[in-house]
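# A closer look at the structure
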Amino acid sequence: MALRGLAGSGPGSRGPLGQAGAVDEEREAPAVVAAGDAPEDVEEDEGRSRGLLRWDGFSAWLHCVCVVGFDLELGQAVEVIYPQHSKLTDKEKTNICYLSFPDSNSGCLGDTQFCFRFRQSSGRRVSLHCLLDQFEKDLPVYLKKDPAYFYGYVYFRQVRDKTLKRGYFQKSLVLISKLPYIHFFHTVLKQIAPEYFEKNEPYLEAACNDVDRWPAPMPGKTLHLPIMGVVMKVRIPTCHDKPGTTQIVQLTQQGDTHISVILPTVHEVDLFRCFCPVFLHSQMLWELVLLGEPLVVMAPSPSESSETVLALVNCISPLKYFSDFRPYFTIHDSEFKEYTTRTQAPPSVILGVTNPFFAKTLQHWPHIIRIGDLKPAGEIPKQVKVKKLKNLKTLDSKPGVYTSYKPYLNRDEEIMKQLQKGVQQKRPSEAQSVILRRYFLELTQSFIIPLERYVASLMPLQKSISPWKSPPQLRQFLPEEFMKTLEKTGPQLTSRIKGDWIGLYRHFLKSPNFDGWFKTRRKEMTQKLEALHLEALCEEDLLHWTQKHTEVETVDLVLKLKNKLLQADREHLPVKPDTMEKLRTHIDAIILALPEDLQGILLKTGMT
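Residues numbered from 1 in each chain as written. Predicted model: local features only at pLDDT ≥ 70, side-chain atom pairs only at ≥ 80, totals over all residues. Heavy atoms only, no water.

The name given to the protein in an unreviewed UniProt entry is Protein DENND6A, with Neophocaena asiaeorientalis asiaeorientalis as the source organism. Listed in UniProt under the heading Sequence similarities (unreviewed entry), the comment for the protein reads: "Belongs to the DENND6 family." (UniProt positions renumbered as here; feature names shortened; annotations may be inferred.)

Written out as structure tokens, the structure reads:
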């Protein structure tokens, strides 16, 4: 395996793409994902009303675009990285090379689309004040960027070509992004990849220039995104949307006649198609994902492995899956040894694999889903059974869920009958997905509402917030105290499902998903306390206070108030705009009441 076309060198950097990046080759890519400070001498894009630098618009959506080809002597090779100034470490390029091609045993002829996820190299500089951080706070938690990972969205083509030594044309167009917008990026690739394979680099350059002109990926706003003559209309969800509702963008405006593609979702996969072979066990799989159990999906191709892994991660929404997951994982992955070692228990991770070698390497894992070919919509595969792990010995083991796990909850037979009836009546996969998604949502909400209710009780009373003391601390989360609340306000209030809910909660409280969820909630509540503290300060007559205190104490107060303002801005505290304005007015009034020499110093210190 070799790496060609590194920024500024090799055959991949020649031609139109080589000249396209108007940035010094040694610089970091600007803005969101490539981090570091934006280059100073970047070419301004003419006619821009947004005042952004060249490639800032592109960087809001993508880190870079790669073309990975197959060389008889070198193996898989990165032929092109675009924009040319985009930075990828050698380790990241190696991962992209191997993850962009299906395993040879998959036999993927024609065009194949799939997704992978890989760990960002340590040491990469991260910008603390990225252009789009302000939008992050409005995203649902499960759509927020994970700073440690990249997604790769792949369009792979393998067709017979007698003119080539190998007898086949093999190439992948890969979009590298921090954004987990699976459906959106697969749609983008469907629009541009087939034509790219015919027209090559100039076409890719034009497509990237189109992306650079897109508006920022702002949650809650209907976006019109033109690319190569096609206009896509999308809406990114916000954390304020009602869970389980998709605000489908409609062709309502008269000016919408040029819209070519309307996306009802940016991130969701076809849930029922993925769960179809195992839908009778979907509740057990929901428990395994909720508890962060080690899980392997063995599939015939990367598209099936990646779709199934993403469907599993999606099934506990609106909860975020906080452990690692790899929609497509190969023996060449940089974490292969870490995740397959037998010297310690399997980690909390969901792996999607296609190489038969994994049947042997991962047979010590506690939960393995083996699926056959996913059928097109409308065709229903035979339901697989739950089997003992000891039966998973051979490479040709039959499809099934191999586990000795005993679910805590009784199976919801009503929903299973509803789905089975849909199968018999040939109900469309989209309609089945709506039923399954609603079922998972209700199950997750019934589980999480008692936790939300208990955590809300840990919040100090508002009357305990004093402007002259630090904000009060949250009370400690006590598992046994929480368990006692379940008798009267447990999931039985919202769910008809019976079973050992207490056992499920006890297991969940030890899982990475609880740890991640509680840290997020604690941070939100702490920020709320900080915001309430700021509001309490604003209601005080601070100028009157200074008249009774020394200059030293007054200067100390000004510096603390300025820090509070900076913190509110930096952490996006949930503070009303007029509160911030009041505080600035207080600060200015206090400074003006001080001697002139102190005024000069304090006005220069920080920002008011």
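Back to the write-up after that little detour.
### With respect to the overall build of the protein
The secondary structure content of the protein amounts to 21 helices and 14 strands. When burial is assessed residue by residue, the protein has 54% of its 608 residues classed as buried. Partitioning the contacts of the protein with sequence separation of at least 6, the portion at a separation of at least 24 is 73%. If you sum the accessible surface of the protein, you get close to 28,500 Å²; carbon and sulfur atoms cover 52% of it. (Helix = DSSP H or I, 4+ residues; strand = E, 2+ residues; numbered from the N terminus. Buried < 20%, exposed > 50% of the residue type's maximum accessible area, 1.4 Å probe, protein only. Contact = heavy atoms within 4.5 Å. Areas by Shrake-Rupley, 256 points an atom, 1.4 Å probe, with all protein chains shown as cover.)

### A look at the side chain of Q120
Along the polypeptide, Q120 turns up in the loop between β3 (110-119) and α5 (133-136). Of the polar contacts made by the side chain of Q120, one reaches the side chain of K178; its length is 2.5 Å. (Polar contact = N/O pair within 3.5 Å; in protein donor to acceptor, adjacent residues only side chain to side chain.)

### Describing the sheet that holds strand β4 (residues 149-160)
Strands sit in the order β2-β1-β5-β4-β3 across an open sheet of 5 strands; the sheet is antiparallel. Every interior strand has two partners, whereas the edge strands, β2 (75-82) and β3, have only one. Strand-to-strand twist in this sheet, taken as the mean axis angle between neighbours without regard to direction, amounts to 25°. Relative to β2, strand β1 (residues 64-71) runs antiparallel, the two being bridged by 7 bridges. Looking at the pairing, V68 lines up with V78 of β2. Each of β1, β2, β3, β4 and β5 (168-177) touches helix α4 (residues 90-99); the most contacted strand, β3, lies at about 150° to it. The strands that helix α6 (residues 182-199) touches are β1, β3, β4 and β5; relative to β4, the one it contacts most, it runs at about 35°. (Pairing = 2+ DSSP bridges. Axes fitted to C-alpha atoms, helices over the stretch in contact; angles between N-to-C directions.)

### Examining the environment of Y196
Structurally, Y196 can be placed in helix α6. Judged by relative accessible area, Y196 falls into the buried class, the value being 2%. Taking the C-alpha atoms as reference points, Y196 and A207, 11 residues apart in sequence, are found 9.3 Å from one another. The residues touching Y196, leaving out its near neighbours within four places in the chain, are V67, L173, E201, Y203 and L204.

### Here we look at the side chain of T112
Residue position: T112 is located in strand β3. Judged by its relative accessible area of 8%, T112 falls in the buried class. When residues no more than four places from it in sequence are discounted, the contact partners of T112 are V154, Y155, F156 and S303.

### Regarding the state of the cysteines
Scanning all chains against the criterion turns up 0 disulfides. Unpaired in terms of disulfides, C66 finds its nearest cysteine sulfur in C64, a separation of 3.9 Å. Cysteine C274 is unpaired, with the sulfur of C276 as its nearest cysteine sulfur at 9.7 Å. (Disulfide = S-S within 2.5 Å.)

### Focus: the sheet that holds strand β6 (residues 222-227)
One open sheet accounts for 3 strands, arranged β6-β7-β8; its pairing is mixed. The two strands at the open ends of the sheet, each matched to only one other strand, are β6 and β8 (261-262). Running at roughly 175° to strand β7 (residues 230-235), α6 makes contact with β6, β7 and β8 of the sheet.

### Examining the pairing of strand β11 (residues 349-353)
The buried count for β11 comes to 5 of 5 residues, which makes it a mostly enclosed element. Residues V349, L351 and V353 point to one face of β11 and I350 and G352 to the other, with burial holding for every one of them. Bridge analysis of strand β9 (residues 295-298) against β11 gives 4 bridges, and the strand direction is parallel. In the sheet register, V297 faces β11, and the bridge partner there is G352. Taken together, the 3 bridges between strand β10 (residues 324-326) and β11 define a ladder with parallel strand orientation. Bridge pairing in β11 links R326 to L351.

### Quick look at the confidence of the model for the protein
Per-residue confidence for the protein gives a mean pLDDT of 82; residues scoring 70 or more make up 82%. Within the protein, the element-level pLDDT minimum falls on helix α2 (residues 31-34), averaging 29, and the maximum on helix α16 (residues 501-508), averaging 97. Residue range residues 1-51 is modelled with pLDDT below 50. Its contacts to residues more than four positions away, or to other chains, number 130 contacts. (pLDDT = per-residue confidence, 0-100.)

### A short note on the packing of helix α9 (residues 282-290) against helix α14 (residues 429-456)
Interaxial distance between α9 and α14 falls to 12 Å at its minimum, and their mutual angle equals 45°. Regarding the angle of α9 to α14, the classification is oblique. As α9 packs across α14, the resulting crossing turns out to be right-handed. Here α9 contributes S282, Q283, W286 and L290 to the contact with α14, which in turn contributes L436, Y439, F440, L443, T444 and F447. Split into classes, the residues belonging to the contact of α9 with α14 amount to 7 nonpolar, 3 polar and no charged. (Parallel < 35°, antiparallel > 145°, perpendicular 65-115°, else oblique. Left-handed = near helix turned anticlockwise from the far one by under 90°. Nonpolar A, V, L, I, M, F, W, Y, C, P; charged D, E, K, R; others polar.)

### Things to note about the nonpolar core
Core analysis: the biggest nonpolar cluster contains 107 residues, and W61, F184 and L451 have the highest contact counts within it. Here the element with the most residues in this core is α14; it accounts for 10 residues. Formed jointly, this core draws a minimum of three residues from each of two domains, domain 1 (56-238) and domain 2 (271-411 + 425-431). In contact with L451, not counting residues within four places along its chain, are F477, F482, Y505, F508, L509, F514 and W517. Core analysis: the next-biggest nonpolar cluster, separate from the first, contains 22 residues, L534, C538, M580 and I587 among them. (Core = buried A, V, L, I, M, F, W, Y, C linked by side-chain atoms within 4.5 Å. Domains from an automatic or database assignment.)

### A short note on the environment of F101
Tracing the sequence through the fold places F101 in the loop between α4 and β3. Taking the relative accessible area as the measure of exposure, F101 reaches 4% and is therefore buried. Put simply, F101 and F156 are 55 residues apart on the chain and 6.9 Å apart in space, counted from C-alpha to C-alpha. Non-local contacts of F101, meaning those with residues more than four positions away in its chain, are made with V68, G69, F70, Q76, F114, F156, Q170, K171, S172 and Y328.

### Here we look at the packing of aromatic side chains
Going through the model one piece at a time under the given rule, you end up with 39 aromatic pairs. With 6.5 Å between their ring centres and 55° between their planes, Y151 and F325 make a pair best called tilted. Taken together, the residues Y151 in strand β4 and F325 in strand β10 connect sequence positions 174 residues apart. Classification of F325 as buried rests on a relative accessible area of 6%. Ring plane angle 90° and centroid distance 5.0 Å describe the contact between F447 and F508, whose orientation is recorded as edge-to-face. (Phe/Tyr/Trp six-rings, centres within 6.5 Å; stacked < 30°, edge-to-face > 60°.)

### Thoughts on α9
Of all 9 residues that make up α9, 9 are buried, and the element is covered over most of its length. Turning to α9, its buried residues number three or more, namely S282, Q283, M284, L285, W286, E287, L288, V289 and L290.

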